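Structural features, examined
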Amino acid sequence: MKQFTSVKDVLDLPALVTEALVQKRNPFANKALGRNKTLGLIFMNPSLRTRLSTQKAATNLGMEVIVMNIDKEGWALETQDGVIMNGTTVEHIREAAGVMGKYFDILGLRSFPSLKNRDEDYSEDILQKFIHYSGLPLVSLESGTLHPLQSLADLITITEQFTFTNRKPKVVLTWAPHVKALPQAVPNSFAEWMNQADVDFVITHPEGYELYEAFTAGAAITYNQEEALQDADFIYVKNWSSYHQYGQVLTTDENWLLTQNRLGITNNAKVMHCLPVRRGLELSHDILDGPNSLVLEQANNRVYAAQAVLKRMLETNFIPGDDQ
Ligand code: SN0
């Protein structure tokens, strides 16, 4: 695996999930693999799980880790080409990423979308420039459009939790209310991964919240949450802002809030959320504190998602001939 920015970078999805579960059972078995290799984790936005789990995963594999919150600790970064830098930006992404290429062996990058210019966000300009100018294998820690480490952890969690062998799980992605405009990266990515996985997948959201088709194609989509929830085994709760009326909050309708009561029409569904979650707004206290919540196990699996990906990258880039 050369890069990890999307499900498209994964050659064999079931094998990657199995690898993560193997790492989970025996996290220190590959401690020699990352010896003398440095992972640089660059954050342009806040993080809790991604930072801690990826650092832990790399340490389990014997790597050194350097973390930088570049938005707070670095020079203001210029990302556009050909501009005269006589304003507020101090350092160009060409030099910044180029320098990282000298210090690190693998680069992790978090770069949220602006939610102002859709073409710019969906071109993944910043991510592509970091890949290009660093020359390094790059792990996305959430980009403008996708959050693949989260989606891998989600698929690991569903695989672990679903015990029936005679049918596929029904997985529902439901929009939830929020007061702020949030990225589409988590739901885009979840849709992209679920469409590749062996599950029955349904997306439900209010009108106007349709996601980018390239990520959802193949999924059933309905505006009727109750209909979507019928017989669900897993419910993935997430807010996102509008893709078509880009970055806008079109409604905060609290009827979309999932409560323990509403689980009655499901197959005693397990409830998932990537966190951070705003209690009482996006998801009810009773679900988060009840037996159906998987949120902490999802977070736990972030470690093994990152560990499986970093292991593949170390094998591909530093063990000649192993190109998984
Ligand atoms: C991010 C998002 O993409 O939705 C990160 C999720 C892993 N979430 C937020 O920015 C939440 C911010 C808030 O104010 O609730």
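One can find the structure itself at the top, above this paragraph.
Here's a quick rundown of the structure.

About the cut-offs
Per-chain numbering applies: the sequence of each chain, read as written, is numbered from 1 onward. Only residues with pLDDT of at least 70 get local features here, since the model is predicted, and only at 80 or more are side-chain atom pairs given and counted; chain-wide, interface and lining totals rely on the full set of residues. The side-chain values count all of the structure's non-hydrogen atoms but skip hydrogen atoms and water molecules. Counting from the N terminus, the helices are DSSP H or I runs at least four residues long and the strands are E runs at least two residues long. This radius of gyration counts C-alpha atoms alone. The globule rule is 2.2 Å times how many residues there are, raised to the power 0.38. The classification of residues rests on relative accessible area computed with a 1.4 Å probe and restricted to protein chains. Under 20% of the type maximum is buried, over 50% is exposed, and intermediate values are partly exposed. By definition in these notes, contact holds between two residues if any of their heavy atoms fall within 4.5 Å. Surface accessibility follows the Shrake-Rupley procedure with a 1.4 Å probe radius. Residue values consider only the protein chains on display as shielding. When charges are counted, neither His nor the chain ends are considered; positive counts come from Lys and Arg and negative counts from Asp and Glu. All charge positions are set by atom: Lys at NZ, Arg at CZ, Asp at CG, Glu at CD. Two strands form a pair only when DSSP identifies at least two bridges running between them. Between N-to-C directions, angles cover 0 to 180 degrees, with each direction set by a line fitted to C-alpha atoms, over the stretch in contact for helices. To be near a molecule or strand, a residue needs just one of its heavy atoms within 4 Å of it. Pairing of N or O atoms within 3.5 Å defines a polar contact, subject to two protein rules: one partner must be a possible hydrogen donor and the other a possible acceptor, and residues neighboring in sequence count only if both atoms are side-chain atoms. Throughout this description, any angle smaller than 35 degrees is read as roughly parallel, any larger than 145 degrees as roughly antiparallel, any in the 65 to 115 degree range as roughly perpendicular, and the remainder as oblique. Handedness of a crossing follows from how the near helix is turned relative to the far one, being left-handed for an anticlockwise turn of less than a right angle and right-handed for a clockwise one. Put simply, Ala, Val, Leu, Ile, Met, Phe, Trp, Tyr, Cys and Pro go in the nonpolar bin, Asp, Glu, Lys and Arg in the charged bin, and everything else, Gly too, in the polar bin.

Turning our eyes to something else, we now look at the overall build of the protein chain. Along the protein chain, the regular secondary structure elements total twelve helices and eleven strands. Relative to the globule expectation of 20 Å for 324 residues, the C-alpha radius of gyration of the protein chain, 20 Å, shows essentially globular dimensions. Taken along the three principal axes of its C-alpha coordinates, the protein chain extends 55 × 50 × 35 Å. Within the span of the protein chain, comprising 324 residues, buried residues form 55% of the whole. For the protein chain, the share of sequence-separated contacts (at least 6 apart) that also reach a separation of at least 24 residues comes to 78%. Surface exposure of the protein chain reaches about 14400 Å², of which carbon and sulfur atoms provide 49%. Taken as two groups, the 29 positive and 38 negative side-chain charges of the protein chain have centres that lie 6 Å from each other.

Before going further, it helps to examine the sheet that holds strand β6 (residues 138-140). Read from one edge of the open sheet, four strands run β2-β1-β5-β6, paired in parallel fashion. Two strands bound the open sheet, and with one partner strand each, they are β2 (64-69) and β6. Here the average twist between neighbouring strands, direction ignored, is 20 degrees. The sheet contact formed by strand β5 (residues 106-110) and β6 spans three bridges and is parallel. Within β6, the position partnered with Gly-108 by the bridge is Val-139. Across the sheet, helix α2 (residues 49-60) lies against β1 (38-43), β2 and β5, angled at about 175 degrees from β1, the strand it touches most.

Lining the immediate environment of the ligand, one finds Phe-112, Glu-142, His-147, His-178, Lys-180, Leu-182, Pro-183, Lys-238, Cys-274, Leu-275 and Arg-278. His-178 has a polar side-chain atom sitting 3.0 Å from an oxygen atom of the ligand. Interatomic distance of 2.8 Å between a side-chain N/O atom of Lys-180 and an oxygen atom of the ligand. In isolation the ligand has 410 Å² of accessible area, and contact with the protein removes 87% of it.

With that settled, consider unusual backbone geometry. Each neighbour pair has its own omega, and for Leu-275 with Pro-276 the value is 5 degrees, a cis peptide bond. Along the chain, Pro-276 falls in the loop between β11 (270-272) and α11 (285-288). Residue Asn-36 is not a glycine yet carries a positive backbone phi of 65 degrees. By the element assignment, Asn-36 lies in the loop between α1 (13-25) and β1. Of note, Leu-115 is a non-glycine position whose phi angle comes to about 60 degrees, a positive value. Looking at the element boundaries, Leu-115 is found in the loop between β5 and α5 (118-122).

One way to put it is that helix α7 (residues 148-161) packs onto helix α8 (residues 185-196) with a least axis distance of 9 Å and a crossing angle of 50 degrees. Classified by the angle between their axes, α7 and α8 sit oblique to one another. Handedness of the crossing formed by α7 with α8: right-handed. Packed against α7, whose contacting residues are Pro-148, Ser-151, Leu-152, Asp-154, Leu-155 and Ile-158, the element α8 presents Ser-189, Phe-190, Trp-193 and Met-194 at the interface. Of the residues in the contact of α7 with α8, the class split is seven nonpolar, two polar and one charged.

Right, let's get into the pairing of strand β7 (residues 170-175). In the case of a regular strand, side chains alternate between the two sheet surfaces. Within β7, six of the six residues are buried, which leaves the element mostly enclosed by the surrounding structure. Every second residue of β7 is oriented toward a common face, with Lys-170, Val-172 and Thr-174 on one face and Val-171, Leu-173 and Trp-175 on the other, all of them buried. Bridge count for β7 against strand β8 (residues 200-204) is five bridges, and the pairing is parallel. The residue of β8 that forms the bridge with Val-172 is Val-202.

Our focus in this paragraph is the sheet that holds strand β10 (residues 234-238). Either a parallel or an antiparallel arrangement is found when strands of a sheet pair, and the pairing is made through backbone hydrogen bonds. As summarised here, the arrangement of the five strands in space is β9-β8-β7-β10-β11, forming an open sheet in which the pairing is parallel. Sheet topology places β9 (220-222) and β11 at the edges, where each strand pairs with a single neighbour. In this sheet, neighbouring strand axes are inclined to one another by 20 degrees on average, regardless of whether the strands run parallel or antiparallel. Where α8 meets the sheet, its contacts fall on β7, β8 and β10, and the angle it forms with β8 comes to roughly 155 degrees.

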